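Reading the structure
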Amino acid sequence: MKVTTKTIRQAKRTKALVCLTAYDTVTARIASHGGADLLLVGDSVGNTILGFENSVSVTLDMMVHHTAAVARFKTDALLVADVPFGVAHDDFPGVLHACTRLLQAGADGVKIEGGTALAPVIARLVAAGVPVCGHVGLQPQQVRQLGGYKKFGAKDSAEFESVQADALAVERAGVFAIVGEMLAPALARAIRDALEVPLIGIGSGPDCDGQILVIHDLLGLTENPPGFAKPFAELGVAAVQAVAAWAATVRDTSAR
Ligand code: KIV
């Protein structure tokens, strides 16, 4: 049965949500057949697939292209697409136009990185009929401001409170779920307990309503995966071995 934003909301306190990124038809098929409830066409496509250093280089056109590729695999999972860097700070018609393009490419909803400052925009999008997933804590699109990736709410109580306030602000704005990235475990717990919508964690410990991972990290296809993302297979090694075995066969058997 097709997962909807309503199903995702109702999973709170009843079912752990399993969420994975997908960037094309192949990863959509693997994640769906493996049982994912939600597929995210993440702007991590930039560093995972497209060879960029981070997600800042990812454009709306790239997101539309990859969202359409994922959507061509007819999945029962909820398909969410990231609103890329800068776009959510455009004027409202600009943001709505960007979200419309992602929905028309096949997404069931969009994800927007940002907290209290973006809550008014999120509320207007929700009122316009755009299902929105929030994203608080580490916001990789801010990597240039942050100077790197870090844990949130581990040492600094003002930071703890500000991320908690971000989560509550975007919940009030009407999001159907919130991704909490790199939250200290106590912060993840506090946010999960305060929210009525599910908190989907990444690098935030087990006390969340579900987890999301970059599929290439899970499958062992990433060269230097983050410490929290334990690979459950070593497909990168297996792929290199397959190519080397075929290369040896070709060299041995081809007529010269
Ligand atoms: O772009 C991304 O992959 C994300 C993560 C939360 C998985 O936003």
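We now turn to the structure provided with this report. (Residues numbered from 1 in each chain as written. Predicted model: local features only at pLDDT ≥ 70, side-chain atom pairs only at ≥ 80, totals over all residues. Heavy atoms only, no water.)

**Observations concerning the site of the ligand**
The line we're drawing: One heavy atom within 4 Å of a molecule or strand is enough for the residue carrying it to be called near that molecule or strand. Whenever two N or O atoms come within 3.5 Å, that pair is a polar contact, provided that in protein one can donate a hydrogen and the other can accept it, and provided that, for residues adjacent in sequence, both atoms are side-chain atoms. Every accessible area reported is derived by Shrake-Rupley at a probe size of 1.4 Å, with residue values counting cover from the shown protein chains alone. Only Asp, Glu, Lys and Arg are considered charged in this grouping, and only Ala, Val, Leu, Ile, Met, Phe, Trp, Tyr, Cys and Pro are considered nonpolar; every other residue, Gly among them, is considered polar.
Looking at the ligand, the residues that line it are T21, L40, G42, D43, S44, D82, K111, H135, V179, E181, I202 and V214. A distance of 2.5 Å separates an oxygen atom of the ligand from a polar atom in the side chain of S44. In the model, an oxygen atom of the ligand is placed 3.1 Å from a nitrogen or oxygen of the D82 side chain. Here the ligand has 260 Å² of accessible area as a free molecule, and 96% of this is covered by the chains. Classifying every residue of the shell around the ligand gives 4 nonpolar, 4 polar and 4 charged.

**Some points on the sheet that holds strand β5 (residues 132-137)**
How we decide: Pairing between strands is defined by DSSP: at least two bridges between the two strands are required. Each helix is a run of DSSP H or I of at least 4 residues and each strand a run of E of at least 2, with the numbering of both proceeding from the N terminus. Note on geometry: axes are C-alpha line fits, over the in-contact stretch for helices, and angles between N-to-C directions span 0 to 180 degrees.
With parallel pairing, 8 strands are arranged side by side around a closed barrel as β1-β2-β3-β4-β5-β6-β7-β8. Within the sheet, the average angular offset between the axes of one strand and its neighbour, ignoring direction, is 25°. The sheet contact formed by strand β1 (residues 17-21) and strand β8 (residues 210-213) spans 4 bridges and is parallel. Along β8, the bridge assignment pairs V18 with Q211.

**Here we look at the pairing of strand β7 (residues 199-202)**
Every regular strand shows the same layout, with side chains that alternate between the two sheet faces. For clarity, the threshold we go by: When accessible area is computed with a 1.4 Å probe and restricted to protein chains, residues below 20% of their type maximum are described as buried, those above 50% as exposed, and intermediate ones as partly exposed.
Here β7 shows two buried faces, one formed by L199 and G201 and the other by I200 and I202. Bridge count for β7 against β8 is 2 bridges, and the pairing is parallel. Within the sheet, the bridge partner assigned to G201 lies in β8 and is Q211.

**Remarks on helix α6 (residues 119-127)**
Our working rule: Each C-beta atom gives one direction from the helix axis, and the arc is the one those directions make. We call two residues in contact when some of their heavy atoms are within 4.5 Å.
Listed as buried for α6 are A119, V121, I122 and L125. Relative to the axis of α6, the buried residues are bounded by an arc of 155° and lie together on one face. Facing away from the buried side of α6 by more than 90 degrees, the exposed set consists of P120 and A127. Residues of α6 that are buried make contact with α5 (92-104), β4 (109-113), β5 and α8 (157-173). In the segment just after α6, G129 is the residue with positive phi, at about 100°.

**As for helix α4 (residues 60-71)**
Definition in use: Residue count minus one, scaled by 1.5 Å, sets the expected span of a helix.
Taking 1.5 Å per residue as the helical rise, α4 with its 12 residues ought to reach 16 Å, and the 16 Å between its terminal C-alpha atoms agrees with that figure. The buried count for α4 comes to 9 of 12 residues, which makes it a mostly enclosed element. Within the sequence span of α4, burial applies to L60, M63, V64, H66, T67, A68, A69, V70 and A71. Check the buried side of α4 and you find it contacts α2 (25-33), β2 (38-41), α3 (45-48), β3 (78-82) and α5.

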